[in-house]
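# Geometric and topological summary
So you can see what is in the structure, the chains are spelled out below.
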Amino acid sequence: MRALRRRAAATAVLLPLLPLFLVGACSGGPSLENQGAVTAPPGDSKHLTIGTAGFTESDVLAQMYALLLKQAGYSTEILSVANRELYEPALESGQIDVVPEYAATFADWLNAKTNGAKAPPVGSPDLDATMKALRGLAAPRGLTVLDPGRAVDQNAFAVTAAYAKQHRLKTLSDLGASGLKVRLAAGDECVQRPYCEPGLKKTYGIDVTAVDPKGVGTTQSKKAVQDGKDQMVLTTTTDATLSDFGLVLLADDKHLQNADYIVPVINRSRAGSERVAKTLGALNSVLTTQDLASMNEQVDSWRRLPQDVARSYLESKGLLKG
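As a convention, each chain's residues are numbered from 1 in the sequence order in which they are written. It should be noted that, the model being predicted, local features are given only for residues of pLDDT at least 70 and side-chain atom pairs only at 80 or more, the latter also being counted only at that level, while totals for whole chains, interfaces and linings use all residues. Remark: hydrogens and water are excluded; side-chain values derive from all non-hydrogen atoms of the structure.

### Some remarks on the overall build of the protein
The test is simple: Only DSSP runs of H or I covering at least 4 residues are called helices, and only runs of E covering at least 2 are called strands; the numbering of each starts at the N terminus. Here the term buried applies to any residue with accessible area under 20% of the maximum for its type, exposed to any over 50%, and partly exposed to those in between, with areas from a 1.4 Å probe on protein chains only. In what follows, residue pairs with any heavy atoms lying within 4.5 Å of each other are defined as contacts. Here the Shrake-Rupley method, with its probe set to 1.4 Å, supplies the accessible areas, and only the displayed protein chains count as covering residues.
Tallying secondary structure elements over the protein gives 15 helices and ten strands in all. Evaluated residue by residue, the protein yields a buried proportion of 52% over its 322 residues. Put simply, of all contacts in the protein between residues at least 6 apart along the chain, 77% involve residues at least 24 apart. When the accessible surface of the protein is totalled, it reaches about 14100 Å², and 54% of it is carbon and sulfur.

So this is what it looks like as structure tokens:
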């Protein structure tokens, strides 16, 4: 569901470069049999291309990566590519050097690419297990996954503040124990995804009576909950507009959702140096889920430019010299 939502939101594609990416997609980057490409010494190219999937959060993260790397002595450029099917092969081939990713989602995507669409998922709520699986899948493709920080963009569920207060709800467990019947605004795939309707029923005992297919975190879905047509909406932990609709998140206290922590993924042969890892790792020590939500809000609601929001944030945390 996360991948579908991000593809729908990602519209800023640099069309002139698509033929190059399509070539990369066909070749698939370093062959899994070509161990020379995988075991080559980590590279330290002086010019680095940072990829973004074109939606707000990805744009802001890419801008922060670019600013930090530029300060560390690299020349940088940002390339917006609409979906993972295009930018991941470009990352393998070195047309993109660094991209912000989501640990569990990317692990499952690489797993399906490597082992087939029907392969059992490897992403889970366990961050350590997810990172181990992700790094094991990424390394043969010449990719290095840097350490995650504290920021996580997971699927999440929200109700109106009034509804939460009326029924004394703070967690999804509270909602399950209440016995309330819940009509859920979400994507149509929610009816079969384990972290959505089936998981809410099995893990929390929530009585989901119907799924209203209005999309994940869309204005239409949040408005349906605000107006009382639906009782709960599927969104994300970094949704910047919940307060605009009078909505609050219910805590996933039994950890139904996967560990989609923000992780930089790099092309090892071009950007695998300790300097790159240290530079991007500095962001991990300060960036939180709340910070991401705030920056998303500044772009989406306040209409600030991603590069300005990124610069202001890094300067406020002492990571970027003015």
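### Concerning the side chain of Q154
Formally: A 3.5 Å cut-off defines polar contacts: any pair of N or O atoms within that distance qualifies, except that in protein one atom must be a possible hydrogen donor and the other a possible acceptor, and neighbouring residues in sequence count only when both atoms are side-chain atoms.
Within the element layout of this structure, Q154 appears in the loop between β4 (143–145) and β5 (155–160). Taking relative accessible area as the criterion, Q154 reaches 18% and is therefore assigned buried. A polar side-chain atom of Q154 sits 2.7 Å from the main-chain carbonyl oxygen of N258.

### Comments concerning helix α11 (residues 219–226)
Helical geometry note: an α-helix holds 3.6 residues per turn, so side chains three or four residues apart project in the same direction. Our working rule: Note: the arc covers the axis-to-C-beta directions of the helix.
Every buried residue of α11 is accounted for by S221, K222, A224 and V225. Summarising the axial view, the buried residues of α11 lie within an arc of 155 degrees, below the 170-degree limit, and thus occupy one face. Residues of α11 that are buried in the fold lie against β5, β6 (181–186), β7 (207–213), β8 (232–236) and β9 (247–250). At the C-terminal side of α11, G228 shows a positive phi close to 90 degrees.

### Description of the sheet that holds β5
Operational definition: Pairing between two strands is assigned when DSSP locates at least 2 bridges connecting them. Each axis is a line fitted through C-alpha atoms, and for a helix only the stretch in contact is used; angles between axes span 0 to 180 degrees, taken between their N-to-C directions.
On the basis of which strands lie adjacent, the open sheet formed by five strands has the order β7-β6-β8-β5-β9 and mixed pairing. Two strands in the sheet have a free side with no partner beyond their single neighbour: β7 and β9. Between one strand axis and the next, the sheet turns by 40 degrees as a mean value, whatever way the strands run. Helix α10 (residues 197–204) contacts β5, β6, β7 and β8 of the sheet and is inclined by roughly 165 degrees relative to β7. The strands that α11 touches are β5, β6, β7, β8 and β9; relative to β8, the one it contacts most, it runs at about 145 degrees.

### Concerning α10
Buried within α10 are the following residues: E197, G199, L200 and Y204. The buried residues of α10 all sit within an arc of 165 degrees when viewed along its axis, so they share a single face. As for α10, its buried residues are in contact with β5, α9 (172–178), β6, β7 and β8. Following α10 by one or two positions, G205 has its phi on the positive side, about 70 degrees.

### Looking at the nonpolar core
Worth spelling out the cut-off: Throughout, nonpolar core names a set of buried Ala, Val, Leu, Ile, Met, Phe, Trp, Tyr and Cys residues whose side chains join them through atoms within 4.5 Å.
Of all hydrophobic cores here, the largest spans 56 residues; its most connected members are M64, L134, L283, L287 and L314. Element by element, the count of residues in this core is highest for helix α4 (residues 56–71), at nine residues. Look past the residues within four positions of L283 in its chain and what remains in contact with it is M64, Y65, L68, Y313, L314 and L319. If you look at the next biggest cluster of nonpolar residues, it comprises 23 residues, including A186, Y195, L200 and L256.

### Here's the deal with the pairing of β8
Counting buried positions along β8 gives five out of five residues, so the element sits mostly inside the fold. Of the two faces of β8, the one holding M232, L234 and T236 and the one holding V233 and T235 are both buried throughout. Where β5 meets β8, four bridges bridge the pair, whose relative direction is antiparallel. What sits directly across from A156, in β8, is T235. Relative to β8, β6 runs parallel, the two being bridged by two bridges. Bridging from a neighbouring strand, A185 pairs with V233 of β8.

### Some words on the state of the cysteines
Where we set the bar: Cysteine sulfur atoms that pair up within 2.5 Å are treated as a disulfide.
The tally for this structure, following the rule as stated, stands at one disulfide. A disulfide bridge connects C190 with C196, and the sulfur atoms are separated by 1.8 Å. Across the S-S bond linking C190 and C196, the dihedral sits near -85 degrees, which makes this disulfide left-handed. Neither C190 nor C196 differs from the other in exposure class; each is buried.

### What about the pattern of salt bridges?
In plain terms, the rule: When a carboxyl oxygen of Asp or Glu is within 4 Å of a side-chain nitrogen of Lys or Arg, the pair counts as a salt bridge.
Taken as a whole, this structure holds 16 salt bridges when the rule is applied. K46 is the partner of D44 in a salt bridge, and the nearest nitrogen-oxygen pair spans 3.8 Å. Judged by relative accessible area, K46 falls into the exposed class, the value being 51%. Across the pair R311 and E315 runs a salt bridge, and its minimum N-O distance is 4.0 Å. Here E315 and R311 lie together in helix α15 (residues 306–316), a separation of four residues that amounts to about one turn. For E315, a relative accessible area of 35% gives the class partly exposed. Through salt bridges with shared partners, a single ionic network connects E88, E92, K113 and R141.

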